[in-house]
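# Analysis of the macromolecular model
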Amino acid sequence: DTGVSQDPRHKITKRGQNVTFRCDPISEHNRLYWYRQTLGQGPEFLTYFQNEAQLEKSRLLSDRFSAERPKGSFSTLEIQRTEQGDSAMYLCASSFSFGLGLETQYFGPGTRLLVL
Amino acid sequence: SQQGEEDPQALSIQEGENATMNCSYKTSINNLQWYRQNSGRGLVHLILIRSNEREKHSGRLRVTLDTSKKSSSLLITASRAADTASYFCATRKETSGSRLTFGEGTQLTVNP
């Protein structure tokens with residue numbers, strides 16, 4: 001399977017715990033994105049990387065959230081001191097940018113987080 | 001906050017009928033894209049229309065874009081039960097870098 005993969009697919013944690021999600025993009029895609037989606041809503045942008053550089057962060061990405069893409073390949077999204085409001089589906093997407101703004105973002109299956 | 005707003009929020013039709021979903025947005029865009037999401041799963045890209053295009057076709061899909069009204073429509077012809085899913089429009093702004101801004105989606109149910 002050469003699509004975007006995410007791990008784990010489901011995560012249940014207690015409030016206050018830290019969680020980390022991983023995303024493996026499509027090989028050779030230079031851009032990687034994180035979105036969050038709550039029930040009944042569309043995805044909301046969190047952050048994106050071009051290679052290993054984090055180029056844009058949403059105001060939704062509070063200090064408790066950190067994302068990395070250390071070698072420009074896979075990425076991790078960590079949430080510290082989780083809160084019940086963090087419960088959502090976390091979606092990763094990747095694309096290859098030609099610089100024209102017309103690239104397609106390919107999404108992974110998502111990680112569903114439930115904070116108790 | 002979401003830029004796009006889809007209309008209707010939910011649509012139920014019979015197999016073989018056409019389904020039309022609308023999307024409105026607020027700012028100038030580089031392009032507008034439509035995605036499909038099956039229940040609880042990732043999004044699948046359907047079609048991209050550039051800001052200088054007015055209509056685009058892909059198989060049973062027809063997308064229109066009216067930048068003067070800041071609106072788009074997605075038409076699915078001869079619908080099938082397998083088309084049952086949520087449909088989202090997403091815009092890429094002219095000046096926002098790479099992010100997509102999604103609407104709240106239309107839940108389409110195609111009854112066999």
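The following paragraphs examine the structure supplied in this document.

Criteria and thresholds
Residues numbered from 1 in each chain as written. Chains lettered and ligands numbered in written order. Predicted model: local features only at pLDDT ≥ 70, side-chain atom pairs only at ≥ 80, totals over all residues. Heavy atoms only, no water. Pairing = 2+ DSSP bridges. Helix = DSSP H or I, 4+ residues; strand = E, 2+ residues; numbered from the N terminus. Axes fitted to C-alpha atoms, helices over the stretch in contact; angles between N-to-C directions. Buried < 20%, exposed > 50% of the residue type's maximum accessible area, 1.4 Å probe, protein only. Phe/Tyr/Trp six-rings, centres within 6.5 Å; stacked < 30°, edge-to-face > 60°. Lys NZ or Arg CZ within 6 Å of the ring centre and 35° of its normal. Disulfide = S-S within 2.5 Å. Contact = heavy atoms within 4.5 Å. Buried area = accessible area lost by both parts, 1.4 Å probe. Salt bridge = Lys/Arg side-chain N within 4 Å of Asp/Glu carboxyl O. Core = buried A, V, L, I, M, F, W, Y, C linked by side-chain atoms within 4.5 Å.

## Thoughts on the sheet that holds strand β1 (residues 5-7) of chain A
Residues and elements named next belong to chain A.
- Taken together, four strands build an open sheet; the order of strands is β1-β3-β8-β7 and the sheet is antiparallel. Of all strands in the sheet, those bounded by a partner on one side alone are β1 and β7 (65-68). On average, each strand axis in the sheet is tilted by 15° relative to the strand beside it, whichever way the strands run.
- In the sheet, β7 pairs with strand β8 (residues 75-79) via four bridges, with the strands oriented antiparallel.

## Quick word on the pairing of strand β8 (residues 71-76) of chain B
Residues and elements named next belong to chain B.
- For β8, the tally of buried residues reaches five of six residues, placing the bulk of the element in the interior.
- Bridge count between strand β3 (residues 19-24) and β8: six bridges; the pairing is antiparallel. Looking across to β8, one finds that Thr 20 is bridged to Leu 75.
- In this sheet, β8 lies alongside strand β7 (residues 61-66) in antiparallel orientation, the contact comprising six bridges. From the neighbouring strand, Leu 61 faces β8, where its bridge partner is Ile 76.
- Between β7 and β8, which pair antiparallel one after the other, the connecting turn spans four residues, and Lys 70 there sits at a positive phi close to 50°.

## Focus on the packing of aromatic side chains
- Under the defined criterion, the tally for this structure stands at eleven aromatic pairs over all chains.
- Ring centres of A:Phe107 and B:Tyr35 lie 5.4 Å apart, and the angle between their planes is 85°; this geometry places the pair in the edge-to-face category. Taken together, the residues A:Phe107 in strand β10 (residues 106-107) and B:Tyr35 in strand β4 (residues 29-37) connect one chain to another.
- What makes A:Phe107 buried here is its relative accessible area of 10%.
- On the basis of relative accessible area, B:Tyr35 is assigned to the buried category, the value being 0%.
- What links up through ring pairs into an aromatic cluster is the set A:Tyr33, A:Tyr35, A:Phe45, A:Tyr48, A:Phe107, B:Tyr35, B:Phe88 and B:Phe102.
- In this structure, A:Arg22 is placed above the aromatic ring of A:Phe74, and the distance from its NZ or CZ to the ring centre is 3.9 Å.

## Side note on the state of the cysteines
Residue and element names in this part refer to chain A.
- As enumerated under the stated definition, the model contains two disulfides over all chains in all.
- Through a disulfide, Cys 23 is tied to Cys 92; the S-S separation comes to 1.8 Å. Between Cys 23 and Cys 92, the disulfide has an S-S torsion of -70° and is therefore left-handed. Placement of Cys 23 in strand β3 (residues 19-24) and of Cys 92 in strand β9 (residues 88-95) is noted, with a sequence separation of 69 residues between them.
- On the accessibility criterion, Cys 23 (0% relative accessible area) is buried.

## Looking at the interface of chain A and chain B
- Across the contact, 26 residues belong to chain A and 23 residues belong to chain B.
- Across the interface of chain A and chain B, roughly 1,900 Å² is buried in total on both sides, 47% from carbon and sulfur atoms.
- Of all residues in chain A, A:Pro43, A:Leu102 and A:Phe107 give up the largest surface area on contact with chain B, accounting jointly for 26% of the area buried on that side.
- Counting the contacts that link chain A with chain B gives two salt bridges.

## Looking at the nonpolar core
- Core analysis: the largest hydrophobic core is formed by 21 residues, its most contacted members being B:Leu32, B:Trp34, B:Leu74, B:Ile76, B:Tyr87 and B:Leu108.
- In contact with B:Leu74, other than residues within four places in its own chain, are B:Ala19, B:Thr20, B:Met21, B:Trp34, B:Leu46, B:Leu61, B:Arg62, B:Val63 and B:Tyr87.
- A:Leu46, A:Ala67, A:Ile79 and A:Ala88 belong to the second-largest nonpolar core, a separate cluster that totals 18 residues.

Without other data, these values stay purely geometric and don't point to any function.
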